[in-house]
Amino acid sequence: MEDQYYKTSESVKEYIAAAQGFDGQRLIQKLHKFLPSGSTVLEIGSGPGTDFQLLKKAYSVVGSDFSEQFIAHLEKKNPNDLFLHLDAETLQTDKKFDAIYSNKVLQHLTNDGLKNSISRQKDILKPEGIICHSFWKGEGDEIFKGMLVNYQTSGSIKEMFQKDFKLLIPEEYAEFEEGDSLLVIGKKK
């Protein structure tokens, strides 16, 4: 299913306003334990660019998004940076990265789409590359504002990632309430 929510400038403005005050600082601090400064990072789903700016403080970051509206927003705010128009499932790029990061983005993929993305991430990571992704914790899925939200459990995350990645951090954390989110950091096998 193709999400329609981020296709209009109005919905992008709505999302940017709603997301103010939220960022992946805690996730990025954990990523620093495994990824040296100066490493190349692909951010999947850069959206308004909040985490992109945080990642840029330590890494050489390439941003990406599936929404052309977000890409236009990002390029306007960051004219000297590179942003790719990428589908999170297929990640069609010839570039290779030391790490791939996303914050509550891969939840918009079906389980099959997530498995495809994980396989493709392994392909575009350099040897021993690192992944860092967050998800909403739960079971099942729902459509929220026209977007698929596919919840994951600690078990489903481990099952999907452990074939291609050694899991360094599989943990629960609180975004809004205790244990509502999952973080996975892994190293390419």
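These numbers come from a predicted model, not from an experiment.

Here helix H6 (residues 154-161) has its buried residues at Ser156, Ile157, Met160 and Phe161. What you see down the axis of H6 is that its buried residues fit within an arc of 115°, all on one side. Residues of H6 that are buried sit in contact with helix H5 (111-124), strand E5 (125-136), strand E8 (165-173) and strand E9 (181-188).

So, on to the sheet that holds E8. Ordered by their spatial adjacency, seven strands build an open sheet running E3-E2-E1-E4-E5-E9-E8, and the pairing between neighbours is mixed. The sheet is open, and its two borders are formed by strand E3 (83-85) and E8, each paired with just one other strand. Direction aside, the axes of adjacent strands within the sheet are offset by 15° on average. Those strands touched by helix H4 (residues 68-77) are strand E2 (60-65) and E3, and its axis lies near 165° from that of E3. Contacts between H5 and the sheet are confined to strand E1 (40-43), strand E4 (97-103), E5, E8 and E9, with E5 contributing the most and set at about 150° to the helix.

Scanning the model with the defined rule gives nine salt bridges in all. Note that Asp98 is salt-bridged to Lys126, the shortest N-O span being 3.7 Å. On the criterion of sequence distance, the pair formed by Asp98 in strand E4 and Lys126 in strand E5 is long-range, its members being 28 residues apart. Members of the salt-bridge network, linked through shared partners, are Lys122, Lys163 and Asp164.

Cut-off values and rules
Residues numbered from 1 in each chain as written. Predicted model: local features only at pLDDT ≥ 70, side-chain atom pairs only at ≥ 80, totals over all residues. Heavy atoms only, no water. Buried < 20%, exposed > 50% of the residue type's maximum accessible area, 1.4 Å probe, protein only. Helix = DSSP H or I, 4+ residues; strand = E, 2+ residues; numbered from the N terminus. Arc of directions from axis to C-beta. Contact = heavy atoms within 4.5 Å. Pairing = 2+ DSSP bridges. Axes fitted to C-alpha atoms, helices over the stretch in contact; angles between N-to-C directions. Salt bridge = Lys/Arg side-chain N within 4 Å of Asp/Glu carboxyl O.

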